[in-house]
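# Structural description and commentary
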Amino acid sequence: MPDPVGKLPSELDQLPDRDAEETAEWAASLDAVTEHAGPHRAAYLMRRTLQHAERNGVPVPALLETDYVNTIPTAAEPAFDGDEAMETRIAGWNRWNAAAMVTRGSRLGVGGHIATFASAAWLYETGFNHFFRGKESQDSPGSGDQLYIQGHASPGIYARAFLDGRLTEEHLDNFRQEAGGKGLPSYPHPRRLPWLWEFPTVSMGLGPLSAIYQARFNRYLTNRGIKDTSASHVWAFLGDGEMDEPESTAALALAAREGLDNLTFVINCNLQRLDGPVRANFKIVQELESQFRGAGWNVVKSLWGSAWDELFALDTTGALVRRLREVPDAQFQTYATRDVAYIREHFFGAEPALAELAKLLSDAKIDECFHSSRGGHEARKVYAAYRAALAHKGAPTVVLAQTVKGYTLGTGFESRNANHQMKKLSGDQFRTMRDLLELPIPDSKLNDELVPYGHPGADSPEVRYLQERRAELGGPAPARRVHAVALPEPSEKAFQSVYKGSGKQSVATTMAFVRLVKDLMRDKETGRRWVPIVPDEARTFGMEALFPSAGIYSPRGQTYDPVDRDQIMYYKEAKDGQILNEGITEAGSMADFIAAATSYATHGETMIPFYIFYSMFGWQRTGDQMWQLADQLGKGFIVGATAGRTTLTGEGLQHADGHSHLLAATNPASLNYDPAFAYEIAVIVKDGLRRMYGPDAEDVFYYLTVYNEPMPQPAMPEGVEEGIVKGLYRFKEGVPAKADSPRLQLLASGTAIHWVLAAQELLAAEWGVTADVWSATSWGELRRDALEADEALLRGEERTPYVTQALDGAPGPVLAVSDWMRQVPDQISQWVEQDYSSLGTDGFGLSDTREAARRHFGVDAHSITVAALAQLARRGEVPASAVKEARERYGL
């Protein structure tokens, strides 16, 4: 409650004040300054005092927001290590070719983006010329720096590669025209241009999230002794509008908590998103500063170019800084497009002190400041910001660089709300741009149809300078390198123990998978390369057995005495821990997986990640990252545990996954399996290690679904390995009671195999029907093989799909059953020559026992029996009355 004079209580009131009189004197001093010099002067003194205290190690909270000015004063900027005039010419050629490439492509309707790179050109050029280490860097061999390029800036990166000699005019003219095999992808796509791009970033939000976990994974490799990556730095280039994505800021606290000073975000603050202002009525730079400072990051603002120095020097009252802080972004965007008279009236006319300041400024100075002079457009300002970022230790840094979207493209582009969708410049606009950039391109070569590319010559001073700079920094960038080194096959012992089965013991396939990996992690050659990843609930998946032996990764080790230290499977954290236990973040865990799954290219170190999670929270929740993984050519095992719609008792709708295999089937790089038995898992994992890490390694990853339902695990029958890998084999043949017994084929995947086996017995014992039971380990791989057979047929090649071959001659109809929607097993229906029908768990999940849920969805043994009889009755092989009798007998 407020005290009698209306002042709110303070948390300091509960702490003893050792000298109340001294405290009162400080307060009185502040009151005096406020009264005699004004509140702005008082605020300035307070900020100065806090800053002084912070620099001297006094433990006071830092301010979350600073004035709308550069962090680094001009007088404090370091000497520029380069030829600024030369770099300006290089940047000019890159700006021109980026715009020319998109404009030339627009005549074919393939589109492209011009304005983003135009605003960010110096953010990239300065990095390429002075900071970004290449793969041949002496202090970071094979790794270099990791560059997350803003997707819409790709034309500028192509333009620089063209100047460098890595791309030709033919390449540029095939921008966004990939069908012929010689094109350039629209955005950073490693799968489409694997020698250039390392990281796909245009799905907004995934770049910043992945960059944080990449920086973290670099530390993981170092701390575990796999590779010293301490000299590698991660640079993520982002848009201010992109920061609205939840993923963009989801892991800021992690980066600060783990002190990832090997990470720098560079946010291009051109104040525009795709179709308008980022914060029309507010200030995005100030908002981002507060957000990052609050999360524990170092913040460097580079907002104003050197033309503003004169204005700030004249601002003796602080009126200019106050005005800059209060003007909303959309209004400042308007200033960048209006004449000087408008700016004098609407900006400087806001208060008398500003009006007086404006009288000292020429129209040319105001025009320069408000129309072009931004920190992100000056090499020296960007250079100073990057040097400050690398010099800061103990926390990651974000550089907030203010720019003009569409800069140098002319008044028709600059700061226009529509410029993101503007795909070409006219001949007149190119002439204006050429004059501004001072490029030697004659008028005779400019027209509206086919503007020429520009190149100063392979042996020109510009190209030599560019290449010398890159050689000094360790080679071209961005660049992706793969040094294929096959991993040795792990010991057969781990697999053999699973092939034997569990005897009378009931074991969930989730536990069987974890036990297998635990044994594989003991392998002398490859064991240390496994990277177990789990988003909390490790004990749900039986992974607590790995805690004491493998340890949970923590850069600080274990600074406390764990509460379960006296137990065998206690919670053990270690600096060299192998397990990445991420807490409740599927997105963060998936980012971990991507970093580990692509380490073979990023660092030349092959790792074997497996990521285990509630299957419902994989493809549904983080499916965009699954595509990112495919695009980045990642390898590893994604494991959907507690899979299926009825296997997880009591959890209900939001945990009941009946569709992840459908979502996974849409990804061409994902090999999807739904094994029924532990030995099937062992065969699949062994084959996966061969396909992903063997001499003929493929750019694929595996999705396995496993179940938390304990069941007896049989020993592996002889000769089933090929069928397991291809997706189908006969597990248990039915024994006819008599020669003319009705026959059918029961196909099942995952836990459904047990309901089908029970139905097989019911059909034989109570209805005289013989059924063969098949284990369908992968509906998706059966379909993939069949599609390839269809494609071969179009080429004139005769090829029979494997599923057709496997079922060839099998008597009777086929009934497919799974714990998934019917669409999952129905993927193969058109290639099955027998009459085909299916049962599945369509609809929403629900909370109940497994038995009740399966009866509800009509997939339990009794329901399967009735469905089988109905299928046979339609063929006239059993009387229709048998179906009615069975339904009544089983209470259906």
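None of the values given here were measured: they were computed from a predicted structure. (Residues numbered from 1 in each chain as written. Predicted model: local features only at pLDDT ≥ 70, side-chain atom pairs only at ≥ 80, totals over all residues. Heavy atoms only, no water.)

Note that soluble globular proteins tend to have their nonpolar side chains buried in a common cluster. Phe513, Met543, Phe637 and Val685 are the most contacted members of the largest nonpolar core, which has 89 residues in total. With residues up to four places along the chain from it excluded, the contact list for Phe637 reads Trp530, Phe593, Ile608, Pro609, Phe610, Tyr611, Val685, Gly688, Leu689, Met692, Tyr702 and Leu704. Residues Ala121, Tyr124, Ala161 and Ala389 belong to the second largest nonpolar core, which totals 66 residues. (Core = buried A, V, L, I, M, F, W, Y, C linked by side-chain atoms within 4.5 Å. Buried < 20%, exposed > 50% of the residue type's maximum accessible area, 1.4 Å probe, protein only. Contact = heavy atoms within 4.5 Å.)

A separate point is a negative patch on the surface. A cluster of acidic residues, Asp17, Asp19, Glu21, Glu22 and Glu25, forms a negative patch at the surface. Among the secondary structure elements, Asp17 is positioned in the segment before helix H1 (20-37). Relative accessible area serves as the criterion here: at 44%, Asp17 is assigned to the partly exposed category. (Patch = residues over 30% accessible without salt bridge, like charges linked within 9 Å, V, L, I, M, F, W, Y side chains within 5 Å. Areas by Shrake-Rupley, 256 points an atom, 1.4 Å probe, with all protein chains shown as cover. Salt bridge = Lys/Arg side-chain N within 4 Å of Asp/Glu carboxyl O. Lys, Arg positive; Asp, Glu negative; His and termini not counted. Charge placed at Lys NZ, Arg CZ, Asp CG, Glu CD. Helix = DSSP H or I, 4+ residues; strand = E, 2+ residues; numbered from the N terminus.)

Once that is clear, we can look at the confidence of the model for the chain. Caution is warranted with low-pLDDT regions, since their predicted coordinates should not be read in detail. For the chain, the mean per-residue pLDDT works out to 93, and 98% of the residues sit at or above 70. This model gives residues 1-5 a pLDDT under 50, and the stretch forms four contacts once residues within four places in sequence are excluded. (pLDDT = per-residue confidence, 0-100.)

Bringing the environment of Leu704 into the picture now. With respect to the helices, strands and loops of the structure, Leu704 is situated in strand E14 (residues 701-705). Residue classification places Leu704 among the buried residues on the basis of a relative accessible area of 1%. It is 23 Å that separates the C-alpha atoms of Leu704 and Glu718, two residues lying 14 residues apart in sequence. Contacts of Leu704, omitting those with residues within four sequence positions, involve Phe513, Phe637, Ile638, Val639, Gly640, Tyr673, Ile684 and Val685.

The next point concerns the side chain of Thr229. Turning to its location among the elements, Thr229 is positioned in the loop between helix H7 (206-223) and strand E2 (234-239). Not counting residues within four places of it along the chain, the set of residues in contact with Thr229 comprises Asn218, Arg219, Leu221, Thr222 and His603.

The six strands lie next to each other as E10-E7-E11-E12-E14-E13, forming an open sheet whose pairing is parallel. A strand with exactly one partner marks an edge of an open sheet, and here the two such strands are strand E10 (580-581) and strand E13 (670-673). Summarising the sheet, E13 and E14 pair through four bridges and their orientation is parallel. Directly across from Leu671, in E14, lies its bridge partner Tyr702. Against the sheet, helix H21 (residues 509-520) engages strand E7 (530-534), strand E11 (608-614), strand E12 (637-641) and E14, with an angle of about 160 degrees to E11. (Pairing = 2+ DSSP bridges. Axes fitted to C-alpha atoms, helices over the stretch in contact; angles between N-to-C directions.)

Evaluated as defined, the whole model comprises 58 salt bridges. In this structure, Arg279 and Glu287 form a salt bridge, with 2.8 Å as the shortest nitrogen-oxygen distance. Exposure remark for Glu287: the relative accessible area of 32% places this residue in the partly exposed category. The closest approach of N and O atoms between Glu356 and Lys359, which form a salt bridge, is 3.0 Å. Note that Glu356 and Lys359 are positioned in helix H15 (residues 352-359) at a spacing of three residues, about one turn of the helix. Its relative accessible area of 46% is what places Glu356 among the partly exposed residues. A relative accessible area of 62% places Lys359 in the exposed class. One network of salt bridges, with partners in common, ties together Asp428, Arg431, Arg434, Asp435 and Asp443.

A word on the environment of Glu492. Assignment of secondary structure puts Glu492 in the loop between helix H19 (461-473) and helix H20 (493-499). Owing to a relative accessible area of 29%, Glu492 belongs among the partly exposed residues under this scheme. Each C-alpha atom, one on Glu492 and one on Pro710, is 25 Å from the other, the two residues being 218 residues apart in sequence. If sequence neighbours within four positions are ignored, Glu492 has contacts with Tyr499 and Lys686.

With that settled, consider helix H23 (residues 586-597). Spanning 12 residues, H23 covers 16 Å between terminal C-alpha atoms, matching the ideal 16 Å at 1.5 Å per step. In terms of burial, H23 is largely enclosed, as 11 of its 12 residues are buried. (Expected span 1.5 Å × (residues − 1).)

Attention now goes to the layout of surface pockets. Gaps between atoms show up when a probe of the same size as a water molecule is rolled over them. Looking at the largest pocket, its volume works out to about 1,900 Å³. Along its surface, the largest pocket is lined by 46 residues, and Gln51, Thr66, Asp67, Val69 and Asn70 are the ones closest to its centre. Within the residue set of the lining of the largest pocket, elements represented by two or more residues are helix H2 (39-55), strand E4 (298-302), helix H11 (309-314), helix H12 (319-326) and helix H17 (379-391). Per-element tally for the lining of the largest pocket: the top contributor is H2, with 10 residues. Classifying every residue of the lining of the largest pocket gives 21 nonpolar, 12 polar and 13 charged. Reported here for the second largest pocket is a volume of approximately 890 Å³. Around the second largest pocket sit 22 residues that line it, and Leu12, Glu22, Thr23, Trp26 and Met46 are the ones nearest its centre. (1 Å grid on protein atoms, 1.4 Å probe; cavity = no way out; pocket = protein on both sides within 12 Å on 5 of 7 lines; lining within 4 Å. Points joined across faces, edges and corners; volume = space filled by probe spheres on them. Nonpolar A, V, L, I, M, F, W, Y, C, P; charged D, E, K, R; others polar.)

As for its placement among the helices and strands, Glu84 is situated in helix H3 (residues 84-106). Between the alpha carbons of Glu84 and Glu287 there is a distance of 32 Å; along the sequence they are 203 residues apart. When neighbours within four sequence positions are excluded, Glu84 is seen to be in contact with Ala379 and Arg380.

This next bit is on the packing of aromatic side chains. Applying the stated criterion to the full structure yields 46 aromatic pairs. Grouping aromatic residues by their ring pairs yields a cluster made of Tyr68, Trp304, Trp308, Phe312, Phe332, Tyr335, Tyr342, Phe347, Phe348 and Phe370. The cationic tip of Arg338 hangs over the ring face of Tyr342; the distance from NZ or CZ to the ring centre is 4.8 Å. Positioned above the aromatic ring of Phe617, the side-chain terminus of Arg621 is 4.4 Å from the ring centre. (Phe/Tyr/Trp six-rings, centres within 6.5 Å; stacked < 30°, edge-to-face > 60°. Lys NZ or Arg CZ within 6 Å of the ring centre and 35° of its normal.)

Here we come to the pairing of strand E18 (residues 770-775). The buried fraction of E18 amounts to six of the six residues, a majority that puts the element mostly inside the structure. Neither face of E18 is left uncovered, since the one carrying Thr770, Asp772 and Trp774 and the one carrying Ala771, Val773 and Ser775 both have all their residues buried. Relative to E18, strand E17 (residues 743-748) is paired through six bridges, and the arrangement is parallel. By the bridge assignment, Arg743 is partnered in E18 with Thr770. Once the chain exits E17 it traverses helix H29 (residues 752-767) before rejoining the sheet at E18, and the crossover so formed is right-handed. (Right-handed = clockwise from strand over helix to strand, strands pointing away.)

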